[in-house]
Amino acid sequence: MKKRWFIVFVLLFFLSYATATYFQYHIDNVTLQEDLTEWIYKEQADTKSIEILRTTQVDHTSSHIILFELESGEIAFAHMMQGWNGKFKIVESGWGPAITYRDIQTKSGGYGVIYGDNSNLEIDSIRADSLEVSFGFSADVSNELYFIKYTKLPASIQKAFPVELRLYDNNDREIDRVN
């Protein structure tokens with residue numbers, strides 16, 4: 001009798017867990033733009049729109065970065081995770097300067113992400129250097145109108161923010177510096 005109750009308890013626990021995680025991940029590729037618009041604009045989502053510019057999966061993790069343009073013209077990003085059901089949930093989003101650095105956390109550790117707009121193709125490469133820890137990386141963005149570049153943070157570093165970004169032209173001359 002005790003064994004039967006134990007099996008029932010385990011089955012109920014598994015079903016509860018599966019149901020809870022399944023419903024967290026409800027965004028699919030078909031409704032991605034619509035769901036992001038609703039996430040950003042809330043009550044005004046019916047009258048506003050976004051344009052998805054680029055998407056990328058971070059290494060072989062369940063994390064995906066979505067680069068999109070707001071109606072105002074600002075470049076924004078969303079960090080999304082893919083669930084075991086193949087659908088997504090939004091972890092975080094944000095917007096700001098045309099070229100931005102973010103730290104993101106995945107199940108495989110932290111990543112430094114640079115994303116932004118290079119629509120005039122003036123920028124050839126970007127150098128990101130942490131202002132607080134010993135970490136940095138370079139990214140080639142030549143010939144990319146919009147870009148998402150990332151690198152895995154060393155295991156000893158949880159976050160590299162704040163970061164100074166140096167933008168270089170195709171002659172390796174610094175053309176801008178962003179903090």
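Everything in this summary refers to the structure shown in the same document.

### Re the overall build of the chain
Right, on to step 1. Counting its regular elements, the chain contains two helices and 11 strands.
Right, on to step 2. In the chain, the succession of α and β elements from N to C terminus is α-α-β-β-β-β-β-β-β-β-β-β-β.
Right, on to step 3. For the chain, the residues scored as buried account for 38% of the 179 residues in total.
Right, on to step 4. Considering only contacts within the chain whose residues lie at least 6 apart along the sequence, 48% involve residues at least 24 apart.
Right, on to step 5. Here the chain has roughly 10900 Å² of accessible surface; of this, 52% comes from carbon and sulfur atoms.

### What to know about the side chain of Glu144
Right, on to step 1. Examined against the element boundaries, Glu144 turns out to sit in the loop between β8 (136-140) and β9 (146-152).
Right, on to step 2. Using a relative accessible area of 17% as the deciding quantity, one classes Glu144 as buried.
Right, on to step 3. There is a polar contact of 2.7 Å between the side chain of Glu144 and the side chain of Arg54.

### Considerations on the pairing of strand β11 (residues 174-178)
Right, on to step 1. In terms of strand pairing, strand β10 (residues 163-168) meets β11 through four bridges, oriented antiparallel. Looking at the pairing, Leu167 lines up with Asp176 of β11.
Right, on to step 2. Between β10 and β11, which pair antiparallel and follow one another directly, the connecting turn spans five residues, one of which, Asp172, has a positive phi of 60 degrees.

### What to know about the sheet that holds β10
Right, on to step 1. As summarised here, the arrangement of the four strands in space is β8-β7-β10-β11, forming an open sheet in which the pairing is antiparallel. Every other strand in the sheet has two partners, leaving β8 and β11 as the edge strands with one partner each. Between one strand and the next, the sheet's axes are offset by a mean angle of 15 degrees, whatever the strand orientation.
Right, on to step 2. With five bridges joining them, strand β7 (residues 125-130) and β8 adopt antiparallel strand pairing. Paired with Arg127 across the two strands is Ser138, which belongs to β8.

Definitions and limits used
Residues numbered from 1 in each chain as written. Predicted model: local features only at pLDDT ≥ 70, side-chain atom pairs only at ≥ 80, totals over all residues. Heavy atoms only, no water. Helix = DSSP H or I, 4+ residues; strand = E, 2+ residues; numbered from the N terminus. Buried < 20%, exposed > 50% of the residue type's maximum accessible area, 1.4 Å probe, protein only. Contact = heavy atoms within 4.5 Å. Areas by Shrake-Rupley, 256 points an atom, 1.4 Å probe, with all protein chains shown as cover. Polar contact = N/O pair within 3.5 Å; in protein donor to acceptor, adjacent residues only side chain to side chain. Pairing = 2+ DSSP bridges. Axes fitted to C-alpha atoms, helices over the stretch in contact; angles between N-to-C directions.

Take it as geometry only, folks, not as evidence of what the structure does.
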